[in-house]
Amino acid sequence: MDIRAQVSMVFHLDKCIGCHTCSIACKNIWTDRRGTEYMWWNNVETKPGTGYPTLWEDQDKYKGGWDLSKGKLRLRLQGKLAGLANIFFNPYLPTMQDYYEPWTYQYEELFNAPEGDDQPVARPISMVTGKPTDIEAGPNWDDDLGGSPVYARNDPNLHGLTQEERRQLNELERLVFFYVPRICNHCLNPGCVAACPAGAIYKRGEDGIVLLSQEKCRAWRMCISGCPYKKVYFNWATGKSEKCILCYPRLESGHAPACFHVCVGRIRYLGLLLYDADRIKEAASAPDDKVLEAQMATILDPFDSGVIALGKANGLSDVVIEAAQKSPVYKFVKKWKIALPLHPEFRTLPMLFYVPPMLPVIATVRNGRYDIEGAESRGLAPLISSLEKSRVPIRYMANIFAAGDEKAVEAVYRKLIAVRVYNRAQRVRDVSEVEMKEALEQGNTTPEEVQAIFQLTSKPSFEERFVIPPLAREMAIETTEDPFGHKLATGFGIRKPARRRW
Amino acid sequence: MQKRISIILVYLRWSIPLFVLGLLLALPTVSLLAASIAQSTDEGKALFQEKCASCHTIGQGDRLGPDLKGVTTNRERDWLARWLLDPKKMINEKDPIVVELLRKYNNIPMPNMGLTESQVTDLISYMEAQDKGISVIEKTQTQSSPLPEDDSATGKSLFTGVIPFQNSGSPCIACHSIAGMTGLGGGTLGPDLTNAYSKYGEAGTASILASLSFPTMSPIYAKRPLTPEEQSNLKAFLQSAAIAKQPTQTLAKLVILAVLGAALLLVIFQVLWRRRLKEVRRPFVSQGPESGKTTGRPGQ
């Protein structure tokens, strides 16, 4: 047992309103520099949709993450030999067109245009060529199902769905979608770290944040392919790759990361998880149907006296253990089991978990009336408790959050439905006692647990959402470096700019 | 440590331009030195032997250039001095005498021998002395020694450097190309020598090989002359090359090779990386909504 602490995250998708405030906060703080125009360390995607970069989930194309070859874990991108052969040309890099051509607008035209009959307009200007451009794509081009006949229907997660189910997803008046905000997952078994030939990417031992050294990076760009979530971006101006740093300077001073802090829907939770580093390899090489379960098994119970003792022996301080016990992430992921990782089948063991959104039920418009199926016989019950009549098939959610394991997703939904039915019964009182008990039973839960879930979902305080322990960087640094050696030497930004510049 | 390496790198980076600069400064100094030595020895005679004798005789008939017997009486002294100082300038000026001479001597221009004004004076006074009858009959080196049998195969080996020159001069191929060379042919600093033999004739070729006094060549071969045996072998080789008469087309060959090589590389890359990631978004966007995997269409 090698017990470590990881700063982990939960995004509660039921609360996400798709406002992109997180993306903008991140952009303004970290990626408004030259060379980072197309970078969105945080982005919000509409599902069904193809995301950013386009079709990033399709690893047949992008070769990200890991797969099993004869039971052995290996990078999908390439082995060591192919890595050497391809070192000067990584054949699986996304092109600029798979992201988008960054653009700005000729705003000065609005003020400088000569007097005329027409209103002046600000034309879009490509930031690559500097010439007027026709915008073809953007970081959220298929937002709110924009262009859905093209984008939504090419969503890789639709595989395994029947034609009827696909038709339902696309039909007018019955369109359905939800948002998936994405940042770096700070995985336990990161593909980017494994793919980097320069050893520039590392996972901080004390808090699990995955960082990319701007001094060691040699621009091979294997990390961009290696990461199945396409969350490493190449900065063309510095010749270095960059990625989400989980706002570690903020974390180290006790603040939540910017995207967490600004979140309008308050969907984001941050806290510690204790995990067993010795079990990572075993979990990542579990067979396809067991990979989700195996990942959950690496996460340990911070209340277990054995875990606490071993953790302390491994250098975890009392405050860290205490923070792990208070962690909202632990509650969502392990205690209540209602948060799932994004695409566990990529085998990177992502440490960002999602509470899947409640799905609307099937309804049809007849004679101008919105009819919920089954509503005639069972009143409102189908509206709040039906999983079978859900408009987004469970299969689809399982493809996204559970490596296709529909049972795992169903269990999560049963519990979420129980929370809903219980609260409806408590507050609106239009659900019968029998129905409520039935829902609790199906959800495998108790009124106490349901109340706790409701509390943390709907009414959490700031301190409940973000449980950030003192990261004690000053002590972590001393284990590897002499801080006095860097006195007056470190500042903000890149200390040694790349010699090569365009 | 890293700092020390970077300092060394900086030195390395500057060493090349400094080296070139040093060469540029050193070259004129060396030539000036050589000139003053020539002056201090026996005036014109030595100069004539060194610079002129490969193409000219005095009283022994035409070679590459005309026999210079009586030149001081036939030409004005001033004209001679100008010609010796800078022949190229006069050729460019289309001096009538020069035009006439060029026509007569196969359009082979006299190279600029890099003479100083005092050297020119020395040379002219030497030639004047010859014309006044104080003639010293001399035999040139090529005619004096008995030659071994010519061997064009050995000549070829000498030309290509397979057999090194005895006095360690660089092989001809370093700067010259010639018919019958394989691969990329020879160097391009000097002219193609395929037609050299027919251009200069036997006597001319022999005298050139004996002295190698072209301005570019003399710095190399003045101190490393070819032995008589080497000269005759090379001459035989040049003669056979002139008969074979396949002018080399180094540049054309090089271009063809480069194009073929590039094409081959492209084919190899195409095969090697045939499964590379091509564009993802545009292909399916350009298919449009009609050809998606689903059957359901909005608005039905």
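Residues numbered from 1 in each chain as written. Chains lettered and ligands numbered in written order. Predicted model: local features only at pLDDT ≥ 70, side-chain atom pairs only at ≥ 80, totals over all residues. Heavy atoms only, no water.

**Examining the overall build of chain A**
What counts here: Counting from the N terminus, the helices are DSSP H or I runs at least four residues long and the strands are E runs at least two residues long. Partly exposed describes any residue whose relative accessible area lies between the buried limit of under 20% and the exposed limit of over 50%, with all areas from a 1.4 Å probe on protein chains only and scaled to the type maximum. Should any heavy atoms of two residues lie within 4.5 Å, those residues are counted as being in contact. Accessibility throughout is a Shrake-Rupley quantity obtained with a 1.4 Å probe, and a residue counts as covered only by protein chains that appear here.
Within chain A one finds 22 helices and 17 strands. Taking all 502 residues of chain A together, the buried fraction comes to 55%. Restricting the contact set of chain A to residue pairs at least 6 apart, pairs at least 24 apart contribute 71%. As displayed, chain A offers around 23,100 Å² of accessible surface, 53% of which is attributable to carbon and sulfur atoms.

**Focus: unusual backbone geometry**
All names here are of chain A. The omega torsion across Lys 47 and Pro 48 is -5°, close enough to zero to call that bond cis. With respect to the helices and strands, Pro 48 occurs in the loop between β2 (43-47) and α2 (59-62). Its identity as a non-glycine residue notwithstanding, Lys 63 has a phi of 60°, on the positive side. Take Lys 63: it is sitting in the loop between α2 and β3 (66-69).

**Describing the packing of helix α4 (residues 77-85) of chain B against helix α7 (residues 117-131) of chain B**
Residues and elements named next belong to chain B. What counts, and what does not: What counts as an axis is a line fitted to C-alpha atoms, over the stretch in contact for a helix, and the angles between N-to-C directions run from 0 to 180 degrees. Oblique is the label for every angle not falling under 35 degrees (roughly parallel), over 145 degrees (roughly antiparallel), or within 65 to 115 degrees (roughly perpendicular). Less than a right angle of anticlockwise turn of the near helix away from the far helix marks a crossing as left-handed, whereas a clockwise turn marks it as right-handed. Note on residue categories: nonpolar means Ala, Val, Leu, Ile, Met, Phe, Trp, Tyr, Cys or Pro, charged means Asp, Glu, Lys or Arg, and polar means any other residue, Gly included.
Their axes nearest at 10 Å, the elements α4 and α7 cross at an angle of 130°. Considered as vectors, α4 and α7 are oriented oblique to each other. Between α4 and α7 lies a crossing whose hand is right-handed. Residues Arg 77, Leu 80, Ala 81, Leu 84 and Leu 85 of α4 form the contact with α7, whose participating residues are Glu 117, Val 120, Thr 121, Leu 123, Ile 124, Met 127 and Glu 128. Tallied by class, the residues present in the contact of α4 with α7 amount to 8 nonpolar, 1 polar and 3 charged.

**With respect to the packing of helix α17 (residues 394-401) of chain A against helix α18 (residues 406-427) of chain A**
All names here are of chain A. Viewed as axis vectors pointing N to C, α17 and α18 meet at an angle of 105°, and their least axial separation amounts to 8 Å. In terms of axis orientation, α17 runs roughly perpendicular to α18. On α18, the residues that touch Ile 394, Arg 395, Met 397 and Ala 398 of α17 are Glu 406, Val 409 and Tyr 413.

**Focus on helix α20 (residues 447-458) of chain A**
Residue and element names in this part refer to chain A. Cut-off, in case you're wondering: Any helix carries an expected span of 1.5 Å times its number of residues minus one.
Taking 1.5 Å as the rise per residue, α20 with 12 residues should run 16 Å; its terminal C-alpha atoms sit 16 Å apart, in good agreement. All of the buried residues along α20 are Glu 449, Val 450, Ile 453, Phe 454, Leu 456 and Thr 457. Of the surrounding elements, those touching the buried residues of α20 are β1 (3-12), β12 (268-276), α14 (328-335), α18, α19 (433-442) and α21 (462-465).

**Things to note about the state of the cysteines**
All names here are of chain A. Rule in force here: To count as a disulfide, a pair of cysteine sulfur atoms needs to be within 2.5 Å.
What the rule picks out here adds up to 0 disulfides over all chains. Cysteine Cys 227 shares no disulfide, and the gap to the nearest cysteine sulfur, in Cys 192, comes to 5.8 Å. A relative accessible area of 8% means that Cys 227 is categorised as buried.

**Things to note about the packing of aromatic side chains**
The line we're drawing: Stacked, tilted and edge-to-face pairs are distinguished by plane angle, under 30 degrees for stacked and over 60 for edge-to-face with tilted covering the rest, among Phe, Tyr and Trp rings (Trp via its six-membered ring) whose centres lie within 6.5 Å. Either the NZ atom of lysine or the CZ atom of arginine qualifies as a charge over a ring when it sits within 6 Å of the ring centre and within 35 degrees of the ring normal.
Following the criterion strictly, the structure yields 26 aromatic pairs over all chains and no others. Both rings, one in Phe 269 of chain B and one in Trp 273 of chain B, keep their centres 5.3 Å apart while their planes meet at 45°; by these two values the pair is tilted. By relative accessible area, Phe 269 of chain B is classed as partly exposed at 38%. A connected cluster of aromatic rings, assembled from ring pairs, spans Phe 11, Phe 260, Tyr 354, Phe 401, Phe 462 and Phe 466 of chain A. Arg 221 of chain A extends its terminal NZ or CZ atom over the ring of Phe 234 of chain A, reaching a point 4.4 Å from the ring centre.

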